[in-house]
Amino acid sequence: MENLDLEKGLTIDEMTALCIGNFDSNGSPKDREMVQMFLMMHPWYIPSGDLAKKLFTLSDAGNNTERERICHLVRFWIAEYPAEFDLNPELGDQIRDLKRALENKGNRRESSLIDIESVPSFGWKRQVTERRQTGGRIRKTSLLFDHLDPAELAEHLTHLEFHSFSKILFQDYHSFVLHGCTVGNPVLERFIALFNGVSQWIQLMVLSKPTPQQRAAVIKQFVQVAEKLLELQNFNTLMSVVGGLSHSSISRLKETQTHVGAETIKVYDSLLDLLTSSDNYARYRRRLALCEGFRFPALGVHLKDLMALHVALPDWSNKTRGVINISKMRQVYKVVQELTEAQRLEPPVKANSDLLNLLTVSLDQYRSEDEIYQLSLQREPRTRSPKIPIKSPASPSHPMEEWALVKAKPDESLLCQHIEKMVEAYHWPTPWQRL
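The rules we used
Residues numbered from 1 in each chain as written. Predicted model: local features only at pLDDT ≥ 70, side-chain atom pairs only at ≥ 80, totals over all residues. Heavy atoms only, no water. Helix = DSSP H or I, 4+ residues; strand = E, 2+ residues; numbered from the N terminus. Buried < 20%, exposed > 50% of the residue type's maximum accessible area, 1.4 Å probe, protein only. Contact = heavy atoms within 4.5 Å. Expected span 1.5 Å × (residues − 1). Polar contact = N/O pair within 3.5 Å; in protein donor to acceptor, adjacent residues only side chain to side chain. Core = buried A, V, L, I, M, F, W, Y, C linked by side-chain atoms within 4.5 Å. Phe/Tyr/Trp six-rings, centres within 6.5 Å; stacked < 30°, edge-to-face > 60°. Lys NZ or Arg CZ within 6 Å of the ring centre and 35° of its normal. Arc of directions from axis to C-beta. Pairing = 2+ DSSP bridges. Axes fitted to C-alpha atoms, helices over the stretch in contact; angles between N-to-C directions. Parallel < 35°, antiparallel > 145°, perpendicular 65-115°, else oblique. Left-handed = near helix turned anticlockwise from the far one by under 90°. Nonpolar A, V, L, I, M, F, W, Y, C, P; charged D, E, K, R; others polar. Salt bridge = Lys/Arg side-chain N within 4 Å of Asp/Glu carboxyl O.

When helices and strands are tallied, the chain shows 23 helices and 3 strands. Of all 435 residues assigned to the chain, the portion counted as buried reaches 55%. Relative to all contacts within the chain whose residues are 6 or more apart in sequence, the contacts with residues 24 or more apart total 78%.

Structure representation (structure tokens):
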């Protein structure tokens, strides 16, 4: 990246030539990150099928050295991003055409570098688990909660949400910022539903208990779940759990809070501090950067980063001449790369399939904000005491919910407003002991 003139930028043809020239005779790229960046981010500027056609044309017109380097680039592309070739039939066909053309011209050695047929199937990324709703909601969800200890519950939540997270294709990042995030993206929509389902399920579990002591016991158990999630380095589900406990329907339960132990409150406050939006989630980002092995990022924070970059920086340094803003490309690449790298790491947990099915049903028990708040009022009616603030039902309290609400292509001013709302959404309620 040091050799790139970030002020000037580069055209698609220049970037393509730069990537081709990066490979030596052994097929190793001199600047691996630069090649990875272009191969991951190019769909924002040119369809993958068109890039494959460009490589075909260059191969047909080039000398032996250039053809070999092009084949090394294609092999690298397949090895780094195999899902793109399985999920994009046109791209796969273009690469097969290139391989056949090389063979027909007697360039068998170069052709042997391209192995498109060994790409595994990624059909599972297209499969979206349907939401299932049943009657007897509180009873069914209570059964699951009562039979799992905090560690088991944290592990099964991690398994379920990470499986959904691993299906998201972040390479096509423009779908998150141009088309309203979930429009035409059922995989991401389902992931958001799971995230919000965890938060709402926690609220229902607390409010399903008739006495303040019982509700406090449920809160304590979910704080223990949150501790285990942090231990597993699962920040996404951790944010959902803390969000559920922080919801106004729970935070307003003054009598319940008097039965929550000091140690539980201390742990809860430490989690609030970790997930605070102060300094652009600086504490969370520092903790994530220290993680080794499996980690599950808080997706809402990173999608917000993509939105912010889209609004702040233009895609082209000179759109008329087709000059790419390399600086923006690199910044977006770093966000997308972090997410895709996290997808490749399997969680260090084992899950029971029957419990996963029950958990899936439990998390699909949708209640409106008003319904949950009314249930909270039934448990602990409002009091006229001036010391206790009376809160109205909250608007969606998580960034993921905010993302799910975006349904149309927004203009730049609306994107700016949307980002501000997402930032505000992470301002958690005041810790219990200060209410």
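The subject of this paragraph is helix α4 (residues 64-80). Over its 17 residues, α4 runs 24 Å from end to end, which matches the ideal 24 Å to within 8%, given 1.5 Å per residue. Of the residues making up α4, those classed as buried are Arg67, Glu68, Ile70, Cys71, His72, Leu73, Val74, Phe76, Trp77, Ile78 and Glu80. You can read the cap of α4 off the contacts: a side-chain oxygen lies 3.1 Å from the backbone nitrogen of Thr65, and it is on Asn63.

Here the focus is the nonpolar core. Counting residues in each nonpolar core, the largest one holds 61 residues, and the members touching the most others are Met15, Ile95, Phe165 and Leu299. With 8 residues, the top contributor of residues to this core is helix α19 (residues 326-343). Excluding residues that lie within four positions of it along the chain, Met15 makes contacts with Leu10, Met34, Met37, Phe38, Ile324, Ile326 and Met329. In this structure, Ala154, Val223, Leu230 and Leu375 belong to the second largest nonpolar core, which totals 52 residues.

A word on the packing of aromatic side chains. Across all of its chains, the model carries 11 aromatic pairs by this definition. Plain terms: the ring middles of Tyr45 and Trp316 are 5.2 Å apart, the flat faces sit at 85 degrees to each other, and that makes the pair edge-to-face. Placement of Tyr45 in the loop between α2 (32-41) and α3 (48-61) and of Trp316 in strand β2 (residues 316-318) is noted, with a sequence separation of 271 residues between them. Look at Trp316 and you get partly exposed, because its relative accessible area is 21%. Taking the centre distance of 5.4 Å and the plane angle of 75 degrees together, the rings of Phe235 and Tyr284 count as edge-to-face. Of the two residues, Phe235 is situated in helix α13 (residues 235-246) and Tyr284 in helix α17 (residues 278-289); the sequence distance between them amounts to 49 residues. The pair Phe235 / Tyr284 is uniform in exposure class, with both members buried. Pairwise contacts between aromatic rings join Phe162, Phe165, Phe191, Phe294 and Phe296 into one cluster. Cation over ring: Arg252 sits above Tyr373, and NZ or CZ is 5.9 Å from the ring centre.

Between its first and last C-alpha, α3 extends 20 Å over 14 residues, near the 20 Å set by a 1.5 Å rise per residue. If you check which residues of α3 are buried, you get Ser48, Gly49, Leu51, Ala52, Leu55 and Ser59. Each buried residue of α3 sits inside an arc of 160 degrees when the element is viewed along its axis, so together they form one side. Within α3, the exposed residues directed more than 90 degrees away from the buried face are Thr57 and Ala61. Structurally, α3 contributes buried residues whose contacts are with α1 (12-21), α2, α4, α5 (82-87) and α6 (89-104).

With that out of the way, let us pick up the sheet that holds strand β3 (residues 323-324). As a general point, the strands of a sheet are linked pairwise by backbone hydrogen bonds and lie either parallel or antiparallel. Read across the sheet, 3 strands follow the order β1-β3-β2 without closing on themselves; strand pairing throughout is antiparallel. If you trace the sheet from one side to the other, it starts and ends with β1 (10-11) and β2, each paired once. Where β1 and β3 come together, 2 bridges link them in antiparallel fashion. Bridged to Leu10 within β3 is Ile324.

Okay, the packing of helix α12 (residues 212-231) against helix α16 (residues 262-274) next. The axes of two packed helices give the description: the angle between them and the distance between them. Packing of α12 against α16 brings their axes to within 10 Å, and their N-to-C directions diverge by 45 degrees. Judged on the interaxial angle alone, α16 and α12 are oblique. Handedness of the crossing formed by α12 with α16: left-handed. Of the residues in α16, those in contact with Lys220, Val223, Ala226, Glu227 and Leu230 of α12 are Thr264, Val267, Tyr268, Leu271 and Leu274. Residues that form the contact of α12 with α16 fall into these classes: 7 nonpolar, 1 polar and 2 charged.

Let us look at unusual backbone geometry. Peptide bonds are, in most cases, trans, and in most cases residues other than glycine have a negative phi. For Asn280, which is not glycine, the phi torsion reads 60 degrees and is therefore positive. With respect to the helices, strands and loops of the structure, Asn280 is situated in helix α17.

Under the definition given, this model contains 12 salt bridges. With its nearest N and O atoms 2.8 Å apart, the salt bridge here joins Asp13 to Lys54. In this pair, Asp13 sits in helix α1 while Lys54 sits in helix α3, placing the two residues 41 residues apart along the sequence. Of the charged contacts, one joins Glu117 and Arg96 as a salt bridge, the two residues approaching to 2.8 Å between their closest N and O atoms. Taken together, the positions of Glu117 in the loop between α7 (108-111) and α8 (137-147) and Arg96 in helix α6 put the pair 21 residues apart, joining distant regions of the chain. Looking at Glu117, the relative accessible area reads 57%, which means it is exposed. Through salt bridges with shared partners, one network takes in Asp93, Arg96 and Glu117.

Below, the discussion takes up the packing of helix α11 (residues 186-207) against helix α20 (residues 353-363). Across the interface, α11 lies against α20 with an axial gap of 8 Å and an inter-helix angle of 80 degrees. Judged by the angle between their axes, α11 and α20 are roughly perpendicular. Note on element contacts: α20 touches α11 through Leu359, Thr360, Ser362 and Leu363, opposite Arg190, Leu194, Gly197, Val198 and Trp201. Class assignment for the residues of the contact of α11 with α20 results in 5 nonpolar, 3 polar and 1 charged.

A few words now on the environment of Leu10. Within the secondary structure layout, Leu10 lies in strand β1. The class for Leu10 is buried, based on a relative accessible area of 15%. It is 9.3 Å that separates the C-alpha atoms of Leu10 and Trp316, two residues lying 306 residues apart in sequence.

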